[in-house]
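# Examining the three-dimensional arrangement
Take a look at the letters that make up each chain.
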Amino acid sequence: MKGFTLIETIVTIVIFTIIFGVVSAFIIMAYRTQGYTWQQSMAINEARRGIETMVKEIREARPGDDGSYPIVYAGDKEFIFFADIDKDGATERLRYFLGTVDSGSQAQKCVTFTKGGTCSVSFSNFLKGNLKSTQVKISVEGDLGASNEYVEIFADGVKLENLCQTGCTDCAVTWQGTQTFDVTDLTKDNSIQFLADATIHVDSQCSWEEPNHAMKAIFELSWNEEVIGAGNELKKGVINPVAGSGGKITYPLDQEEVTILTSYVRNVPPIFRYFDQDGQELIETPARLKDTKVMEVYLIVNIDPNRPPQDFELRSAVQLRNLKDE
Ligand SMILES: [Ca+2]
Ligand SMILES: [Ca+2]
Ligand SMILES: [Ca+2]
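Because the structure is a prediction, the values reported are computed rather than measured.

Scoring rules and cut-offs
Residues numbered from 1 in each chain as written. Chains lettered and ligands numbered in written order. Predicted model: local features only at pLDDT ≥ 70, side-chain atom pairs only at ≥ 80, totals over all residues. Helix = DSSP H or I, 4+ residues; strand = E, 2+ residues; numbered from the N terminus. Rg over C-alpha atoms; globule rule 2.2 N^0.38 Å. Buried ≥ 20, exposed ≤ 12 C-beta atoms within 10 Å, placed from the backbone. Contact = placed C-beta atoms within 7 Å. Pairing = 2+ DSSP bridges. Axes fitted to C-alpha atoms, helices over the stretch in contact; angles between N-to-C directions.

### Focus on the overall build of the protein
From N to C terminus, the protein includes 2 helices and 17 strands. Against the globule reference of 20 Å for 326 residues, the protein gives a C-alpha radius of gyration of 31 Å, more extended than a compact globule. Projected onto its principal axes, the C-alpha coordinates of the protein cover approximately 100 × 90 × 35 Å. A burial count over the protein gives 27% of its 326 residues as buried. Sequence separation of at least 24 residues holds for 69% of the intrachain contacts in the protein that already meet a minimum separation of 6.

### Remarks on the sheet that holds strand β6 (residues 151–155)
Ordered in space as β4-β9-β6-β7, the 4 strands form an open sheet in which the pairing is antiparallel. Sheet topology places β4 (118–124) and β7 (158–163) at the edges, where each strand pairs with a single neighbour. In this sheet, adjacent strand axes meet at a mean angle of 20 degrees when their direction is disregarded. Pairing analysis gives 5 bridges linking β6 to β7, with the strands arranged antiparallel. Within β7, the residue paired with V151 across the bridge is L163.

### Here's the deal with unusual backbone geometry
Among all residues save glycine, negative phi is the norm, and among peptide bonds the norm is trans. Phi is positive for C164, close to 70 degrees, though the residue is something other than glycine. Structurally, C164 is set in the loop between β7 and β8 (176–182).

Put into structure tokens, the structure is as follows:
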């Protein structure tokens, strides 16, 4: 029997390679589609479980242990209320919302050209959402080589620190004395002013960028804020009641524990809608707080809107039991 010729062998190898390539491409594609569909169904299940828990808790809305009305806030994409979700008799403050944490930063400089001068900068209207935290990094430069030459820093009139009291040099030609401060409380009003006071000892003899200056300062503000209605994550925030002195109950906002219920929410329409006892939809916030008896929760879930499967919609109506007879 004759063996294969070289040509026959090559042809055979080429044919098998092509077949193998086609088959494996098909398998990989099928596997990917399968994996994607599986991911989508996981996302839907996750959203469904989230919405079920949410509906159960909203149904049980009741006054806060501090005496607050059951509903705190009734927005299109944020609902804040009280309920006892773990059945221990103490009422939690709950917040369901679509939101994302955004960060931002701005920097400003100021210079003083006179001996012992001051300079100031102010930041305002930089926040778009609920402030989480703000930091400022401050550095100075100037005729600051001696220990009696320093820069007093104030934020909204509050003394923060003396920069460059040690470790700085005269006219360093680089930022020095850098320190970072937490100014969260001072920026809650969406505005902060910084003052740098160069004391009486500093002469105007430095020439880095600006000639004949005594001192200059740079303020680098950076913050984290929560923007409601943005992003694709439906979140749940829980605050436990805290008994203060004299048994006074409070719900400290900075003790909220936030978890993500589902990460693929695509709602443009409201997630929360509010209805009175006649089934009339409530549009204005004051009426929502006062008259809501029934709510509708609506979620659009899709792990990637640019490819199939299409949007999956979850919709659920819920009667607020403790509010229906008022
Ligand atoms: Ca509880
Ligand atoms: Ca000096
Ligand atoms: Ca302020």
